[in-house]
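Here are the chains, one letter per residue:
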Amino acid sequence: MRGVIGRIADIRRSGFSPAAHRSICIAALVLLSAIVVTGAAVRLTGSGLGCDDWPNCNGTTFIDVSNQHAAIEQVNRLFTFLVSIGVALAAAAAWFRQPRRRDLTRLGFALLLGVPAQGVVGAIVVWSGLHPATVQLHMVLSMVLVWAAVMLLVRSGDPDEGVRVVAVEPPVRRLVQLLAVMTGVVVVAGTVVTGTGPHAGDEEARRFFGSTDDIDGDALKWVTRIHGTLVWLTVLVALLLFVALRRRPDDRRRLDAPLTAWVITAVVQGTVGYVQYAAGLPVGLVLVHMAGVTVLVGVTAWMWWATTEVRPGAAP
């Protein structure tokens, strides 16, 4: 115990190096991404009410692994503690980083607030009997946290002195902003599809539009078509961005990697989406699709950051 206390005292005196802070940011991002997948597994296996209380698993015990559904939900809840530790370390490392930077401490603090907020939303999800709107909010908030974690990671590699400025031409910046907004709209539309389809987390859980487990239902068909249309519109924005970059070599060099990653991820996501629907929404493919959403949001955050740079001046 004295050794741990001594180590903490050393950190307070000397702080975290930028390299150590960046390593912690990577770990926090991995944990925040992983819990999206474990949360999706809870829903896809019908284990959403495996624990029907919160913070206890049920009315009598805090931890219950007496059946498969309870065990799956319990693993996801316990994994939340690991995420909390990772995020707390990322926030602390940002605060004790040498030199300390305001933009990094703000992002770390946002993550620190976001994880308990997720816990509150998770409780509401359980108490509401997996109402699709609360489950949707749970997923959207997860994506916000992934975005913040990516921004914390990429910004940690920026120069410690200088002022952040837009580094691309206005038309390119506007297209990147539009692409980010459209990506967010697509993600939200995808949560509506999930909340309408058969994977509601429990057989008795409510669905949007009163849908059932029938994948041929009219409501599911229409929300899926709307989601697909939004995806194609978003891809069109990405193609317009490619065209705009052809005449701007400096901006193209800056955005080439994140935009290419975005397009590859979007193509894979679209392919998995069409295949999973044609195959009747098998759990494995839906889980891959959910993991892909996390990647797409992260890549979009990376692209947003790439439109700026830190130049000599005031601290970022």
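The rules we used
Residues numbered from 1 in each chain as written. Predicted model: local features only at pLDDT ≥ 70, side-chain atom pairs only at ≥ 80, totals over all residues. Heavy atoms only, no water. Helix = DSSP H or I, 4+ residues; strand = E, 2+ residues; numbered from the N terminus. Buried < 20%, exposed > 50% of the residue type's maximum accessible area, 1.4 Å probe, protein only. Core = buried A, V, L, I, M, F, W, Y, C linked by side-chain atoms within 4.5 Å. Contact = heavy atoms within 4.5 Å. Salt bridge = Lys/Arg side-chain N within 4 Å of Asp/Glu carboxyl O. Axes fitted to C-alpha atoms, helices over the stretch in contact; angles between N-to-C directions. Parallel < 35°, antiparallel > 145°, perpendicular 65-115°, else oblique. Left-handed = near helix turned anticlockwise from the far one by under 90°. Nonpolar A, V, L, I, M, F, W, Y, C, P; charged D, E, K, R; others polar. Pairing = 2+ DSSP bridges. Phe/Tyr/Trp six-rings, centres within 6.5 Å; stacked < 30°, edge-to-face > 60°. Polar contact = N/O pair within 3.5 Å; in protein donor to acceptor, adjacent residues only side chain to side chain.

J.: Before we go on, may I ask you to explain unusual backbone geometry in this structure?
T.: Comment: phi is negative for the bulk of residues other than glycine, and the bulk of peptide bonds are trans. Following Gln-98, the chain continues into Pro-99 via a peptide bond in cis, with omega recorded as 0 degrees. Within the secondary structure layout, Pro-99 lies in the loop between helix H3 (68-96) and helix H4 (102-127). Here the phi dihedral of Leu-130 falls at roughly 65 degrees; this positive angle occurs in a residue that is not glycine. The residue Leu-130 is located in the loop between H4 and helix H5 (132-155) in this model. The buried category is assigned to Leu-130, whose relative accessible area is 5%. Positioned with a positive phi, Leu-281 is a non-glycine residue whose angle comes to about 60 degrees. Along the polypeptide, Leu-281 turns up in the loop between helix H8 (249-278) and helix H9 (283-306). You can call Leu-281 buried: its relative accessible area is 12%.

J.: Looking at this structure, how should I read the nonpolar core?
T.: A general tendency of soluble globular proteins is for nonpolar side chains to be buried together. Within the largest apolar cluster, 42 residues are counted, with the highest numbers of intra-cluster contacts made by Leu-32, Val-83, Leu-111, Met-143 and Leu-152. Where this core is concerned, the elements lending two or more residues are helix H2 (18-44), H3, H4, H5, helix H6 (170-196), helix H7 (218-246) and H9. No other element matches H5, which puts eleven residues into this core. Among residues more than four places away in sequence, those in contact with Leu-111 are Leu-32, Val-87, Leu-145, Ala-148, Ala-149 and Leu-152. With 19 residues, the next largest nonpolar core counts Leu-179, Leu-255, Ala-266 and Ala-306 among its residues.

J.: Sorry, what's going on with the pattern of salt bridges here?
T.: A side chain with one charge can pair with a side chain of the opposite charge if their charged atoms come near. Under the defined criterion, the tally for this structure stands at eleven salt bridges. A salt bridge links Arg-101 to Asp-160, with the nearest nitrogen and oxygen atoms 3.2 Å apart. Placement of the pair is Arg-101 in the loop between H3 and H4 and Asp-160 in the loop between H5 and strand E1 (163-166), with a sequence separation of 59 residues. Since its relative accessible area comes to 2%, Arg-101 is described here as buried.

J.: I would appreciate a short explanation of the packing of H2 against H5 in the present structure.
T.: Two measures define how a pair of helices packs: the angle their axes make with one another and the distance between the axes. Where H2 meets H5, the axes come as close as 9 Å, and the angle between the chain directions of the two elements is 160 degrees. Between H2 and H5, the crossing angle belongs to the class labelled roughly antiparallel. Regarding H2 and H5, the two cross each other, and that crossing is left-handed. Side by side, H2 and H5 meet where His-21, Arg-22, Cys-25, Ile-26, Leu-29, Leu-32, Ser-33, Val-36 and Arg-43 of the first sit next to Val-135, Met-139, Ser-142, Met-143, Leu-145, Val-146, Ala-149, Val-150, Leu-152, Leu-153 and Val-154 of the second. Here the contact of H2 with H5 is composed, by residue class, of 15 nonpolar, three polar and two charged.

J.: What is the right way to read the pairing of strand E2 (residues 308-311) from this model?
T.: Within a regular strand, the side chains alternate between the two sheet faces. Residue alternation in E2 divides its side chains into a buried set, Thr-308 and Val-310, and an unburied set, Glu-309 and Arg-311. Pairing of E1 with E2, which is carried by four bridges, proceeds in the antiparallel orientation. By the bridge assignment for E2, Val-163 is matched with Arg-311.

J.: Before we go on, may I ask you to explain the packing of aromatic side chains in this structure?
T.: Between two aromatic rings, the relevant description is the distance of the centres plus the angle of the planes. Applying the stated criterion across every chain, the model contains three aromatic pairs. Both rings, one in Trp-54 and one in Trp-127, keep their centres 6.3 Å apart while their planes meet at 85 degrees; by these two values the pair is edge-to-face. Highlighted residues: Trp-54 in the loop between H2 and H3 and Trp-127 in helix H4, separated in sequence by 73 residues. Assessed through its relative accessible area of 33%, Trp-54 is described here as partly exposed. Overall, Trp-127 belongs to the exposed group, its relative accessible area being 56%. Relative to Phe-209, the ring of Phe-208 has its centre 6.2 Å away and its plane inclined at 50 degrees; by these criteria the two rings are tilted. Taking the relative accessible area as the measure of exposure, Phe-208 reaches 17% and is therefore buried. Owing to a relative accessible area of 59%, Phe-209 belongs among the exposed residues under this scheme.

J.: What am I meant to see in the packing of H3 against H4 here?
T.: Between H3 and H4, whose axes approach to 7 Å, the crossing angle comes to 160 degrees. When the axis of H3 is compared with that of H4, the two are roughly antiparallel. Seen along the crossing, H3 lies across H4 with a hand that is left-handed. Residue-level contacts link Arg-77, Val-83, Ser-84, Val-87, Ala-88, Ala-91, Ala-94 and Trp-95 of H3 to Leu-104, Thr-105, Gly-108, Leu-111, Leu-112, Val-115 and Val-126 of H4. Classifying every residue of the contact of H3 with H4 by side-chain character gives eleven nonpolar, three polar and one charged.

J.: What am I meant to see in the side chain of Arg-207 here?
T.: Tracing the backbone through its elements, the reader meets Arg-207 in the loop between H6 and H7. A distance of 3.0 Å separates the side chain of Arg-207 from the backbone oxygen of Gly-197, its partner in a polar contact.

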